[in-house]
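# Secondary and tertiary structure notes
Read off the chains here:
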Amino acid sequence: MIMSGYSNSFFHKPQSHHLASRHVAVIGAGAAGLVAARELRREGHKVIVFERGDQLGGTWVYNPNVESDPIGVHPNRTLVHSSMYESLRTNLPREAMGFRDYPFVAKKGDEERDPRRFPVHREVLMYLKDFAGEFGISEIVRLETEVVLVDAAAGGKWKVKSRSKGGGDVEDEIYDAVVVCSGHHTEPRLPQIQGINTWKGKQIHSHNYRTPAPFQNQIKGVHEDGSLVFRDGSFVVADIILYCTGYKYHFPFLKTNDIVTVDDNCVGPLYKHIFPPALAPSLSFVGLPWMIAPFPMFEFQSKWIAGILSNRIALPSQEEMMEDVKAFHSSLETLGIRKHYTHNVFGYKFGYDEWLAAQCGCPGFEEWRKQMYIAALENLPKQPETYRDELEDHHLVLQAHQDFTNYTVNGVGVVDK
Ligand code: FAD
């Protein structure tokens, strides 16, 4: 079914002898947007990246400020994109975390850099900036430019309306395709708790947690009945609720006549978590799945999108994609997986990446990367305080570095052997 005003007629069946170059808008210059831009350009498309922040890097741009509403529900609150806290170190080893062909190796001789395998957030930001510099992406990123509307235009194209900083200039442009890379760790997801509206204590969502300082010196002792006693002699059962309840997918700029909706944190209908069948391939999403090694997955998803937009790779028909989406949702139902876990791909994470790689005709997830990822996840609950510094996977590190020699390019530090 093709909905009026949202036709995908601009695109035709793939013809291997004719590669098309599209004018593509990428929304967001985090890890997903940067690698999407690189893959699209490699495929010969013309790309503009819109970024509302004042620098690229997305989530990895640490911001000491918190939002005006600590639980993030007020619609007019001051918005802070990143949820990073000050002392955050990565939860994956750098070798497994980085893009496949731009190894995340320690840079020597630069004191600003953190050479550890699980570095602090700044190191990831610097890696992303190196990546953007290496592939000439920085020049095509429009900073401090927020996309406020993505709407269907004639001929299966998209109108992209953007606003530069301070609510200044609003610009309307037409693109052949839009790739949404706007992240999903900014909009808090809150549980419904009976009586919460009249509760007197403080509430904060982890999105607005930066340092432990505001929580220090509040708790003198506890009583057997479960109450907590404070230094001023008062007591309550709890004085702060810190919600670590995750985030919501949120695309306030996207107007699709309800073809794409977010229902109980499931974005859909989406073929392979990427393409809404009725709008494919001119609208796509990079980065929705979670419980996966994010950067390599972004890379595979982006390669696939880029190849489809150029007609080098074929998509199934709209009907076939819809059938696949329905089958996917009914398999989740059969397994008793609730809707808000739709994009949790933990159970088939490597299979998902392998599938994308096969579509693109490129090598899949490296064996050492799989094992390193699994080892890190297994060690976390066993040694939550020390797993970052006591990983015994030296043989995998050696294999990784052996592999990296295939990819070392200008700007990436010399890989240790
Ligand atoms: P983001 O990094 O969020 O980037 C989205 C970008 O889109 C932002 O720059 C934003 O400003 C921009 N944007 C949004 N809306 C608009 C708009 N309307 N117009 C213009 N620009 C817009 N992953 C790991 O691999 N290892 C880790 O150790 C790790 N730790 C994490 C810790 C925390 C606390 C969090 C929240 C996430 C962590 N992740 C980790 C996952 C991380 O989210 C991904 O690795 C990845 O950085 C997400 O990239 P992204 O590009 O999808 O989104």
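Residues numbered from 1 in each chain as written. Predicted model: local features only at pLDDT ≥ 70, side-chain atom pairs only at ≥ 80, totals over all residues. Heavy atoms only, no water.

### A closer look at the site of the ligand
Taken together, the neighbourhood of the ligand is formed by 31 residues, with Glu51, Thr59, Trp60, His81 and Asn91 sitting nearest. Contact between the ligand and glutamate 51: an oxygen atom at 2.5 Å from a side-chain N or O atom of the residue. Between histidine 185 and the ligand, the recorded distance is 3.2 Å, taken from a side-chain N or O atom to an oxygen atom. In the complex, 91% of the free accessible area of the ligand, which totals 990 Å², lies under the protein chains. Breaking the shell around the ligand down by element, the ones donating at least two residues are α1 (31–42), β4 (145–152) and α4 (294–309). Of the residues in the shell around the ligand, the class split is 16 nonpolar, twelve polar and three charged. (Near = heavy atom within 4 Å. Polar contact = N/O pair within 3.5 Å; in protein donor to acceptor, adjacent residues only side chain to side chain. Areas by Shrake-Rupley, 256 points an atom, 1.4 Å probe, with all protein chains shown as cover. Helix = DSSP H or I, 4+ residues; strand = E, 2+ residues; numbered from the N terminus. Nonpolar A, V, L, I, M, F, W, Y, C, P; charged D, E, K, R; others polar.)

### Here's the deal with the packing of aromatic side chains
Taken as a whole and judged by the stated rule, the model has 24 aromatic pairs. Relative to tyrosine 175, the ring of phenylalanine 50 lies with its centre 6.1 Å away and its plane at 80°, an arrangement referred to as edge-to-face. One end of the pair, phenylalanine 50, is in strand β2 (residues 46–50); the other, tyrosine 175, is in strand β6 (residues 170–175), and 125 residues separate them in sequence. Each of the two residues, phenylalanine 50 as well as tyrosine 175, counts as buried. Grouping aromatic residues by their ring pairs yields a cluster made of Phe99, Tyr102, Phe104, Tyr127, Phe131, Phe135, Phe295 and Phe298. The ring of tryptophan 355 has lysine 272 lying over it, and the distance from NZ or CZ to the ring centre is 4.7 Å. When the ring centre of phenylalanine 350 is taken as origin, the NZ or CZ atom of lysine 349, which lies over that ring, is 4.8 Å away. (Phe/Tyr/Trp six-rings, centres within 6.5 Å; stacked < 30°, edge-to-face > 60°. Buried < 20%, exposed > 50% of the residue type's maximum accessible area, 1.4 Å probe, protein only. Lys NZ or Arg CZ within 6 Å of the ring centre and 35° of its normal.)

### Details of the sheet that holds β4
The pairing of strands in a sheet happens through backbone hydrogen bonds and is either parallel or antiparallel. Read across the sheet, three strands follow the order β4-β5-β6 without closing on themselves; strand pairing throughout is antiparallel. The outermost strands of the open sheet, each flanked by one partner alone, are β4 and β6. Neighbour-to-neighbour, the strand axes of the sheet open up by a mean angle of 25°, direction not taken into account. In terms of strand pairing, strand β5 (residues 158–164) meets β6 through six bridges, oriented antiparallel. The residue of β6 that forms the bridge with serine 162 is glutamate 171. (Pairing = 2+ DSSP bridges. Axes fitted to C-alpha atoms, helices over the stretch in contact; angles between N-to-C directions.)

### Quick word on the confidence of the model for the chain
When pLDDT drops low, the exact placement of atoms in the prediction is not to be read closely. Looking at the chain as a whole, the pLDDT averages 89, with 89% of positions reaching at least 70. Long-range and interchain partners of residues 1–10, a stretch whose pLDDT sits below 50, account for 27 contacts in this model, where long-range means more than four residues apart. Scored below 50 in pLDDT, residues 410–417 makes 18 contacts in the model with residues more than four places away or belonging to other chains. (pLDDT = per-residue confidence, 0-100. Contact = heavy atoms within 4.5 Å.)

### Side note on the state of the cysteines
The final tally for this structure, using the stated rule, is zero disulfides. Counting only cysteine sulfurs, cysteine 362 is the nearest neighbor of cysteine 360, a cysteine outside any disulfide, at a range of 4.9 Å. For cysteine 360, a relative accessible area of 12% corresponds to the buried category. (Disulfide = S-S within 2.5 Å.)

### Some thoughts on the environment of valine 148
If you trace the backbone, valine 148 turns up in strand β4. For the pair valine 148 and phenylalanine 253, spaced 105 residues apart in sequence, the C-alpha separation works out to 4.8 Å. Look past the residues within four positions of valine 148 in its chain and what remains in contact with it is Lys161, Ser162, Arg163 and Phe253.

### Thoughts on helix α3 (residues 121–134)
For α3, built from 14 residues, the straight-helix expectation of 20 Å at 1.5 Å per residue is met to within 8% by its first-to-last C-alpha distance of 20 Å. For α3, every residue scored as buried is listed here: His121, Glu123, Val124, Leu125, Met126, Tyr127, Leu128, Phe131 and Ala132. For α3, the secondary structure elements touched by its buried residues are α1, α2 (94–97) and α4. Following α3 by one or two positions, glycine 136 has its phi on the positive side, about 65°. (Expected span 1.5 Å × (residues − 1).)

### Topic: the sheet that holds strand β17 (residues 283–285)
What the five strands build is an open sheet, ordered β3-β2-β1-β7-β17; its pairing is parallel. A single partner strand is all that each edge strand has here, and the edge strands are β3 (141–142) and β17. Relative to β3, β2 runs parallel, the two being bridged by two bridges. Paired with valine 49 across the bridge in β3 is valine 141. Against the sheet, α4 engages β1 (23–27), β7 (177–180) and β17, with an angle of about 170° to β17.

### Comments concerning the packing of helix α6 (residues 349–360) against helix α7 (residues 367–382)
Packing of α6 against α7 leaves a shortest axis separation of 12 Å and a crossing angle of 155°. The angle between the axes of α6 and α7 places the two elements in the roughly antiparallel class. As for how α6 packs across α7, the hand of that crossing is right-handed. Here Lys349, Phe350 and Glu354 of α6 lie close against α7, whose contacting residues are Lys370, Tyr373 and Ile374. Residue composition of the contact of α6 with α7, by class: three nonpolar, no polar and three charged. (Parallel < 35°, antiparallel > 145°, perpendicular 65-115°, else oblique. Left-handed = near helix turned anticlockwise from the far one by under 90°.)

### Side note on α1
Taking 1.5 Å as the rise per residue, α1 with twelve residues should run 16 Å; its terminal C-alpha atoms sit 17 Å apart, in good agreement. Burial runs high along α1: ten of the twelve residues are buried. Among all positions in α1, only Ala31, Ala32, Gly33, Leu34, Val35, Ala36, Ala37, Arg38, Glu39 and Leu40 are buried. In this structure, the buried side of α1 is in contact with β1, β2, α3, β7 and α4. Backbone geometry just after α1 places glycine 44 at a positive phi near 100°.

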